[in-house]
Amino acid sequence: MTSVNTLDFAGKAIRQDALGFICLTDMWKASGESRKRSIHHFMASPATQELLAESLKCTDSGQMLQHKQVRTERGRYGGTWGTKELAIAYAKY
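None of these values were measured; they are calculated from a predicted model.

Definitions and cut-offs
Residues numbered from 1 in each chain as written. Predicted model: local features only at pLDDT ≥ 70, side-chain atom pairs only at ≥ 80, totals over all residues. Heavy atoms only, no water. Buried < 20%, exposed > 50% of the residue type's maximum accessible area, 1.4 Å probe, protein only. Helix = DSSP H or I, 4+ residues; strand = E, 2+ residues; numbered from the N terminus. Phe/Tyr/Trp six-rings, centres within 6.5 Å; stacked < 30°, edge-to-face > 60°. Lys NZ or Arg CZ within 6 Å of the ring centre and 35° of its normal. Contact = heavy atoms within 4.5 Å. Core = buried A, V, L, I, M, F, W, Y, C linked by side-chain atoms within 4.5 Å. Salt bridge = Lys/Arg side-chain N within 4 Å of Asp/Glu carboxyl O. Axes fitted to C-alpha atoms, helices over the stretch in contact; angles between N-to-C directions. Parallel < 35°, antiparallel > 145°, perpendicular 65-115°, else oblique. Left-handed = near helix turned anticlockwise from the far one by under 90°. Nonpolar A, V, L, I, M, F, W, Y, C, P; charged D, E, K, R; others polar.

1. Re helix α1 (residues 24-31)
Move 1: Counting buried positions along α1 gives 6 out of 8 residues, so the element sits mostly inside the fold.
Move 2: Buried within α1 are the following residues: Leu24, Thr25, Asp26, Met27, Trp28 and Ala30.
Move 3: At the exit of α1 stands Gly32, carrying a positive phi of roughly 75 degrees.

2. So, the packing of aromatic side chains
Move 1: Here the structure, examined in full by the defined rule, presents 3 aromatic pairs.
Move 2: Considering the side-chain rings of Tyr90 and Tyr93, the 6.1 Å spacing of their centres and the 25 degrees angle between planes classify their relative orientation as stacked.
Move 3: Relative accessible area serves as the criterion here: at 30%, Tyr93 is assigned to the partly exposed category.
Move 4: One aromatic cluster is present, built from ring pairs that chain together Phe42, Tyr90 and Tyr93.
Move 5: Over the ring of Phe21 we find Arg71; its NZ or CZ atom is 4.7 Å from the centre of that ring.

3. Observations regarding the environment of Phe42
Move 1: Mapped onto the elements of the fold, Phe42 is located in helix α2 (residues 39-44).
Move 2: Setting aside residues no more than four positions away along its own chain, Phe42 makes contact with Thr48, Leu86, Ala89, Tyr90 and Tyr93.

4. Regarding the nonpolar core
The nonpolar side chains of a soluble globular protein tend to be buried with one another.
Move 1: In this structure, Leu24, Met27, Ile39, Met43, Leu86 and Tyr90 are the most contacted members of the largest nonpolar core, which totals 14 residues.
Move 2: At the level of elements, α1, α2 and α5 (84-92) are the ones that each hand at least two residues to this core.
Move 3: Top contributing element to this core by residue count: α1, with 4 residues.
Move 4: In this structure Leu24 touches Ile39, Thr80, Trp81, Gly82, Leu86, Ala87 and Tyr90, once residues within four positions along its chain are discounted.

5. Details of the pattern of salt bridges
Move 1: The final tally for this structure, using the stated rule, is 3 salt bridges.
Move 2: Of the charged contacts, one joins Asp17 and Arg71 as a salt bridge, the two residues approaching to 2.4 Å between their closest N and O atoms. Residue Asp17 is located in strand β2 (residues 12-17), and its partner Arg71 is located in strand β4 (residues 70-73); the two are separated by 54 residues in the primary sequence.
Move 3: By relative accessible area, Asp17 is classed as buried at 3%.
Move 4: When salt bridges that share partners are traced, they join Asp17, Arg71 and Glu73 into one network.

6. Quick notes on the packing of α1 against α5
Move 1: Where α1 meets α5, the closest approach of the two axes is 10 Å, and the angle between their N-to-C directions is 25 degrees. Between α1 and α5, the crossing angle belongs to the class labelled roughly parallel. The two elements α1 and α5 meet at a crossing, and its hand is right-handed. Seen from α1, the contacting residues are Leu24, Met27 and Trp28; seen from α5, they are Leu86, Ala87, Tyr90 and Ala91.
Move 2: Taken together, the residues of the contact of α1 with α5 break down into 7 nonpolar, no polar and no charged.

In structure tokens:
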């Protein structure tokens, strides 16, 4: 997915793609937080799992919705990407 927008946080770029997904990995790097606050820990936390589970209740094709909320891309310009709602939850985390 090609980035089309860049948000700025304290002079560090946070990518946002054409679908509105925000790079959570960029958010983590810009924050300067430790590995304890990484995306992996956020996604594994009970609060995040509850948030994703609640979102699944909103549709019959729950797994499809979860897939649309977060995705991971490998490679040099990869990262974990999430919806604006998920990005807000991560910022609060």
